[in-house]
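Descriptive analysis of the structure
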Amino acid sequence: MPSDTTPDAPDADSARLHSLGYAQELRRSMSGFNNFAVSFTIISVLSGCLTLYGFGMRTGGPVAMIWGWPLVGVFVVLVGLGMAEVCSSYPTAGGLYYWAAKLAPRNAAAWAWFTGWFNLIGQIAVTAGIDFGAALFLNAFLDLQFGFAATPGNTIMLLGAILVVHGLLNTFGVRVVAVLNSVSVWWHLVGVLVIVGALVIVPDQHQSASFVFGHFANSTGWASPVYVFLLGLLLAQYTLTGYDASAHMTEETRGASVAGPRGIVNSILVSLVAGWVLLIGLTFAIQDYDGAVNSETGVPPAQIFIDAVGATGGKLLLLIAIGAQLFCGMAAVTGNSRMIYAFARDGAIPGSRFWHRINKRTRTPTNSVWLAAVGAFVLAVPYLWSATAYAAVTSIAVVGLYTAYVIPIFLRVRQGDRFERGPWHLGRWGKPIGIVATGWVSLIFVLFILPQASPVTIDSFNYTPVAFLVVLGGAGVWWVLSARKWFTGPKVQGSEEELAAVEQELEP
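The rules we used
Residues numbered from 1 in each chain as written. Predicted model: local features only at pLDDT ≥ 70, side-chain atom pairs only at ≥ 80, totals over all residues. Heavy atoms only, no water. Helix = DSSP H or I, 4+ residues; strand = E, 2+ residues; numbered from the N terminus. Buried < 20%, exposed > 50% of the residue type's maximum accessible area, 1.4 Å probe, protein only. Contact = heavy atoms within 4.5 Å. Areas by Shrake-Rupley, 256 points an atom, 1.4 Å probe, with all protein chains shown as cover. Axes fitted to C-alpha atoms, helices over the stretch in contact; angles between N-to-C directions. Parallel < 35°, antiparallel > 145°, perpendicular 65-115°, else oblique. Left-handed = near helix turned anticlockwise from the far one by under 90°. Nonpolar A, V, L, I, M, F, W, Y, C, P; charged D, E, K, R; others polar. Lys, Arg positive; Asp, Glu negative; His and termini not counted. Salt bridge = Lys/Arg side-chain N within 4 Å of Asp/Glu carboxyl O. Polar contact = N/O pair within 3.5 Å; in protein donor to acceptor, adjacent residues only side chain to side chain. Phe/Tyr/Trp six-rings, centres within 6.5 Å; stacked < 30°, edge-to-face > 60°.

1. What about the overall build of the chain?
The helix and strand tally for the chain stands at 23 helices and two strands. Seen through its principal axes, the chain has C-alpha atoms that stretch 70 × 45 × 45 Å. Considering the chain as a whole, with its 508 residues, one finds that 63% of them fall into the buried category. Within the chain, contacts between residues at least 6 apart in sequence are counted, and of these 85% link residues at least 24 apart. Surface exposure of the chain reaches about 18400 Å², of which carbon and sulfur atoms provide 66%.

2. Some details on the packing of helix 8 (residues 152-171) against helix 17 (residues 311-345)
Closest axis-to-axis distance for the helix 8/helix 17 pair is 9 Å, and the angle between their directions is 60°. Judged by the angle between their axes, helix 8 and helix 17 are oblique. With respect to the hand of their crossing, helix 8 and helix 17 are arranged in right-handed fashion. Contacts between helix 8 and helix 17 pair Ile162, His166, Leu169 and Asn170 from the former with Leu326, Gly329, Met330, Val333, Thr334 and Arg338 from the latter. Split into classes, the residues belonging to the contact of helix 8 with helix 17 amount to five nonpolar, four polar and one charged.

3. Thoughts on the side chain of Asp131
Of note, Asp131 is situated in helix 7 (residues 108-146). Among buried charged residues, Asp131 stands out as having no salt bridge; its nearest opposite-charge side chain is Arg338, 14 Å away. A polar contact of 2.9 Å, which involves the side chain of Asp131, links it to the side chain of His166. For Asp131, the residues in contact, after removing those within four places along its chain, are Leu159, Ile162, Leu163, His166, Gln325 and Gly329.

4. As for the packing of aromatic side chains
All chains considered together, the criterion is met by 30 aromatic pairs. Here the aromatic rings of Trp113 and Trp478 are separated by 4.9 Å at their centres, their planes lie at 75°, and the arrangement is edge-to-face. Taken as a pair, Trp113 in helix 7 and Trp478 in helix 22 (residues 464-486) lie far apart in primary sequence, 365 residues in all. Here the aromatic rings of Tyr243 and Tyr402 are separated by 6.3 Å at their centres, their planes lie at 70°, and the arrangement is edge-to-face. Of the two residues, Tyr243 sits in the loop between helix 12 (234-239) and helix 13 (245-248) while Tyr402 sits in helix 20 (residues 389-415), which places them 159 residues apart along the sequence. Residue class for Tyr243 comes out buried when judged on its relative accessible area of 0%. Taken together, the ring pairs in this structure connect Tyr97, Trp113, Phe114, Trp117, Phe343, Trp478, Trp479, Trp486 and Phe487 into an aromatic cluster.

5. Examining the pattern of salt bridges
Applying the stated criterion to the full structure yields three salt bridges. A salt bridge links Arg345 to Glu251, with the nearest nitrogen and oxygen atoms 2.9 Å apart. With Arg345 in helix 17 and Glu251 in the loop between helix 13 and helix 14 (256-284), this pair connects stretches of sequence that are 94 residues apart. When its relative accessible area of 0% is taken as the criterion, Glu251 is described as buried. Residue Glu252 pairs with Arg338 through a salt bridge whose shortest N-O separation is 3.1 Å. Of the two residues, Glu252 is situated in the loop between helix 13 and helix 14 and Arg338 in helix 17; the sequence distance between them amounts to 86 residues. Residue Glu252 is classed as buried on the basis of its relative accessible area, which comes to 0%. With relative accessibility at 1%, the residue Arg338 sits in the buried group.

6. Considering helix 16 (residues 300-309)
In terms of burial, helix 16 is a largely internal element, eight of the 10 residues being buried. Looking at helix 16, one finds that the buried residues are Pro300, Pro301, Ala302, Ile304, Phe305, Ile306, Ala308 and Val309.

7. Looking at the environment of Thr364
Locating Thr364 in the fold gives a position in the loop between helix 18 (352-355) and helix 19 (366-380). Spatially, the C-alpha atom of Thr364 lies 9.9 Å from that of Glu252, the residues being 112 residues apart in sequence.

Take a look at the structure:
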């Protein structure tokens, strides 16, 4: 069982950060609940479950979605527990790449470098996937309400507008974002209850239990039901990402060595329950399966809402989902910007000095916020030419993030009893949990870069491997030709006096 102690006082938080080599540059104003709220908001069952529901309907159908959710959930909990234990030992915004450097037995800089780049591309992809999903749903609503056609061009335009809004919100400072994230928790929980309640009470008829828990659907072109079922796990695996945000926000959280790990684990557990309730309720309410899959709006849940509760009620439920997705995208930009800030602080990104810069008024990494937003937009642009681009973006998010998640867990397993535990730890269960988590991530790494549709054409091609070759190939070449000569991993900003001077400069 996890073990923890009373959260540290603010002075102890700063002292611990100093011992890790960093000044308290960011404002430490977040509570443990605020920390949990960021990860829970990024996981966002009303974003991931709904935006990939159409993919799930074609790739395994109810069987893959309803049973895939708890199956994936068990392994995600194990990954989260492994991450939480390491987070307690090293509560810093760098998170995964910092942990890799500290846990590696040798070549620490290389471990940190590649973990950081996996994390970076995964975070940008998950931000793109979340806000792209919000743009899809918003476009569907505007189409239904005002006739604003759900075309790729319009969706990308809405995506750009959403990212600008999220960039502006994050520019205002961590306090505004913290308040909105707290609101988001209740929006999600109440939203799931309202949506499921409406879908249970209003329709005159529902699908049978045998359909919800036993119907298999396959329009991928692949003949193997096992392969199709495994592909369908993407819905759950993509939704249950982003909880590393609790680690990236630890330099802004009070009692970080306990609040950060709790934020990781609790966000997963609450999301598991809420997501399964949502998926079951939505699947029972399907009135016309083929009609929803082929909906003119391109958003099957919107069609299910309308078929089940009528046009007006369906639009209201759609607005609840859109609100949740917008909260989710805002939190994703927050977490992504903190990772970029920390990685740049250690000199690992081109133009690091610029991206690491702190806005003295808000004490937030404003430049990193906008790099996160622009990067997400660029990654989603291929949707203009490929209808399968969204599934590929979600695959990139899963592969990138989970590879970064598992590297420090794997290194912690290798350390065994030499691992220095923080106040929140797994005791003797740390090693076996880490082994199982590593095995699972190795499986999904291979699974989600495989073709998702047959025959494989330029339109159906899964471009996840291409994106990774471009970004990580570039990072690898940069490492071999240059970075290995000067990148030494996480930097120490200075002595205690020098850290205090850095903090003093940021005071208004």
